[in-house]
Every structure is written in C-alpha cells, then in structure tokens.
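Here is what each chain is made of, one letter per residue.
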Amino acid sequence: MVNEQTQISSSMPDLSEEEDSTVYMACVMHGHRIGVSYYDASTRQLHVLEIWENGSCDFSLVDMVKYQAKPGIIYTSTKSEESFLAALQRSDGTSDAPSVKLVKSSLFSHEQAWHS
C-alpha cells in the first residue's frame, strides 16, 4: 500500500513557486447583483460567487474578494458603470492594482455561457 501511494505522489507534477500563479477574475454587475468568478492557475481551481451590493458605490465586498483572490487580471463588460470600473481598478494597498480588461458585453450573457 505504501508503494502505491509513493508511486501516485511521484507521478503528480510538483508545482513550484516559479510556475504560473496568476489569478484571472471576471466580474459583471447587474442591478445590485455582482457575479464574480476567478481562476487560480497555480491550484487549477475555479471559484464562482454572487455578491449583493447594498447600493453604495464603495463596493466593499468586491474589494474583499479582490484582497483574498489577488487577481492579476480582471475582465469585465464594456457596459460597466464607471464607479464599478473604479472599484475593480483600485489597489488594496498590499499589492499592485490588477489590470482591468474590457470585453464585449455579449460575452457576459447567460446564453453565451451555454455555448462556451
């Protein structure tokens, strides 16, 4: 049994810190709801969540997710509000501000998710 475990462990790739550890995030806002997904390339995990903002323009929950995920790139819709874009672009003070890339709003539609 020990030999089998050793064999399995040795066949798994060893992820070192030098490998790609970039986190890619996508955010879209619809009313007070904000959809967030982020992919961590170092762990190969996708996280998806929905945030309900109370109407204030400070986007404190978005800041909290950005602080925890530490994305290098954030993708959002070209139809995003300026206050939302500003929240995505601001730095948390502990790391560099993420690069925000605008993509066609049609890529964020529900129908598009079924065709990807």
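It should be emphasised that the depicted structure is a prediction, and the values quoted were computed from it without experimental measurement.

Asks: Whenever I open this one, helix α2 (residues 60-69) confuses me. Can you help?
Replies: Every α-helical turn comprises 3.6 residues, leaving residues that sit three or four positions apart pointing alike. For α2, every residue scored as buried is listed here: V62, V65, K66 and A69. End-on, the buried residues of α2 take up no more than an arc of 100°, which puts them together on one face. Looking at the buried positions of α2, the neighbouring elements they touch are β1 (23-30), β2 (33-40), β3 (45-52), β4 (73-77) and α3 (82-89).

Asks: Looking at this model, I keep getting lost on the packing of aromatic side chains. Mind explaining?
Replies: Centre distance and the angle of the planes are the two values used to describe a pair of aromatic rings. Tallied over the entire structure, the rule returns 1 aromatic pair. Above the face of the Y67 ring, K70 is positioned so that its terminal group lies 4.3 Å from the ring centre.

Asks: Explanation requested: the sheet that holds β1 in the structure shown.
Replies: Backbone-to-backbone hydrogen bonds pair the strands of a sheet. The strands run either parallel or antiparallel. Here 5 strands make up an open sheet; going across it, the order is β3-β2-β1-β4-β5 and the pairing mixed. Of all strands in the sheet, those with a lone pairing partner are β3 and β5 (99-103), marking the two edges. Within the sheet, the average angular offset between the axes of one strand and its neighbour, ignoring direction, is 20°. Pairing between β1 and β2: 8 bridges, direction antiparallel. Looking at β2, one finds that M25 is bridged to Y38.

Asks: Would you mind showing me how to read the nonpolar core here?
Replies: Within soluble globular proteins, side chains that are nonpolar generally end up buried alongside one another. Counting residues in hydrophobic clusters, the biggest one holds 15 residues, and the most contacted among them are M25, C27, I34, V36, Y38, V62 and F84. The set of elements that each furnish at least two residues to this core consists of β1, β2, α2 and α3. Not counting residues up to four positions away in its chain, the partners in contact with F84 are C27, V28, M29, I34, F59, V62 and T76.

Asks: Looking at this structure, how should I read α3?
Replies: Within α3, burial applies to F84, L85, A87 and L88. Projected down its long axis, α3 shows its buried positions confined to an angular sector of 160°, all on one face. In this structure, the buried residues of α3 make contact with β1, β2, α2, β4 and β5.

Asks: Could you clarify how one ought to interpret the side chain of T76 in this entry?
Replies: Within the secondary structure layout, T76 lies in strand β4. At a separation of 2.8 Å, a polar atom in the side chain of T76 contacts the main-chain carbonyl oxygen of C27. Leaving out residues up to four positions away in the same chain, T76 has contacts with C27, F84, L85, L88, V100, K101, L102, V103 and F108.

Conventions adopted
Residues numbered from 1 in each chain as written. Predicted model: local features only at pLDDT ≥ 70, side-chain atom pairs only at ≥ 80, totals over all residues. Heavy atoms only, no water. Buried < 20%, exposed > 50% of the residue type's maximum accessible area, 1.4 Å probe, protein only. Helix = DSSP H or I, 4+ residues; strand = E, 2+ residues; numbered from the N terminus. Arc of directions from axis to C-beta. Contact = heavy atoms within 4.5 Å. Phe/Tyr/Trp six-rings, centres within 6.5 Å; stacked < 30°, edge-to-face > 60°. Lys NZ or Arg CZ within 6 Å of the ring centre and 35° of its normal. Pairing = 2+ DSSP bridges. Axes fitted to C-alpha atoms, helices over the stretch in contact; angles between N-to-C directions. Core = buried A, V, L, I, M, F, W, Y, C linked by side-chain atoms within 4.5 Å. Polar contact = N/O pair within 3.5 Å; in protein donor to acceptor, adjacent residues only side chain to side chain.

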